[in-house]
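Chain and residue survey
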Amino acid sequence: MAMLNNHRNKKVRRSAAVAAFAMLAAIPAMAQGTPQETASARTALRYPDWSGQWQRIGSLNWPPEGYAKAGPAPLTPEYKAVYDRNLELRAQGVLAGDPPATCLPPGMPRVMKMSFPMELVVTPGITYIIADWESQVRRIYTDGRDWPSYILPEFNGYSIGQWHDENKDGVYDMLSIETRGIKGPRSIDSTGVVLHENNQTVVREEIRRIDETTMEDRITTIDDAFTGPWTIQQRYRHVAKDIIWVEYVCAEGNRHVKLGDEWYFLNEDEGVLEPTREGQPRLVPENRSKP
């Protein structure tokens, strides 16, 4: 243990030395600018470099290790019944409990599963989380503002963050976030676990870089569909070069159509909407002649 603590202390001292060197190297440039530019440069030195691309590690299930290992979602009896009903419908071919199947945004907190990679852009007043998935953008306000008297509901909600210097080296290394005002319908993942229809979800996060190649987002979801707060630790792998960004447009190539409470599958070859469950009526007569 003493050796481990000594190793950690050396890493902290090394980080502090690097930060101090960066500050000293920037001083000549600061001196040449206006007082406002100098103050801005000094402020910028306090923020971490989280640039590059970040790719999800682990399962697309809400617990990254998967439900087989993590166990089932902590659902209330009411929402366990909703989940069971969703499973019944899915067995019949109905995509119940998965709003993005109709090209709705995943929303918070599901967007942080990152089916596709993300980019983090850090500025003193706002940190942007840009997801290739549905071209979603989260704005985390870190300018010291309080919660507004009214929040216009959005799938990604309204996020306020605060920076923390956990190892006391003069550079921020953890961003804590609270998100409110999240619009529904939303699911926690694609397995049929939905969030409460009252849309009173609150999500709290702690984002930190745990080593040179790994970012961790400790996500706690507080929702009335659950028996209590549900915390997972989602990690992301860093890509620094040869980065490829993918434009994902859900409506392009999507063949699932929902009309009222019924799901259909688009058969483009015949120009019809095919049933997805047994006994479901077709939307065109069976004897429709082909062109």
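Our subject is the structure listed above.
Our next topic: the sheet that holds strand β10 (residues 256-259). Across the sheet, 3 strands lie side by side as β10-β11-β12; this open sheet has antiparallel pairing. The open sheet is flanked by β10 and β12 (272-275), the only strands paired with a single partner. Put simply, the sheet's adjacent strands are angled 45° from each other on average, direction ignored. Bridge analysis of strand β11 (residues 262-267) against β12 gives 4 bridges, and the strand direction is antiparallel.

The next subject is the environment of V122. In this structure, V122 sits in strand β2 (residues 118-122). Sequence-wise, V122 and P48 are 74 residues apart; in three dimensions their C-alpha atoms are separated by 7.7 Å. Filtering out sequence-adjacent residues up to four positions away, V122 remains in contact with Y47, P48, W50, T127 and W163.

Checked against the element boundaries, D173 lands in the loop between β5 (158-164) and β6 (174-180). Among buried charged residues, D173 stands out as having no salt bridge; its nearest opposite-charge side chain is R208, 6.4 Å away. Within the structure, D173 has its side chain in polar contact with the backbone nitrogen of E166 (distance 2.8 Å). Within the structure, the side chain of D173 is placed 3.4 Å from the backbone nitrogen of N167, a separation counted as a polar contact. Leaving out residues up to four positions away in the same chain, D173 has contacts with W50, H164, D165, E166, N167, I207, R208 and R209.

Reading the values: the criteria
- Residues numbered from 1 in each chain as written.
- Predicted model: local features only at pLDDT ≥ 70, side-chain atom pairs only at ≥ 80, totals over all residues.
- Heavy atoms only, no water.
- Pairing = 2+ DSSP bridges.
- Helix = DSSP H or I, 4+ residues; strand = E, 2+ residues; numbered from the N terminus.
- Axes fitted to C-alpha atoms, helices over the stretch in contact; angles between N-to-C directions.
- Contact = heavy atoms within 4.5 Å.
- Buried < 20%, exposed > 50% of the residue type's maximum accessible area, 1.4 Å probe, protein only.
- Lys, Arg positive; Asp, Glu negative; His and termini not counted.
- Salt bridge = Lys/Arg side-chain N within 4 Å of Asp/Glu carboxyl O.
- Polar contact = N/O pair within 3.5 Å; in protein donor to acceptor, adjacent residues only side chain to side chain.

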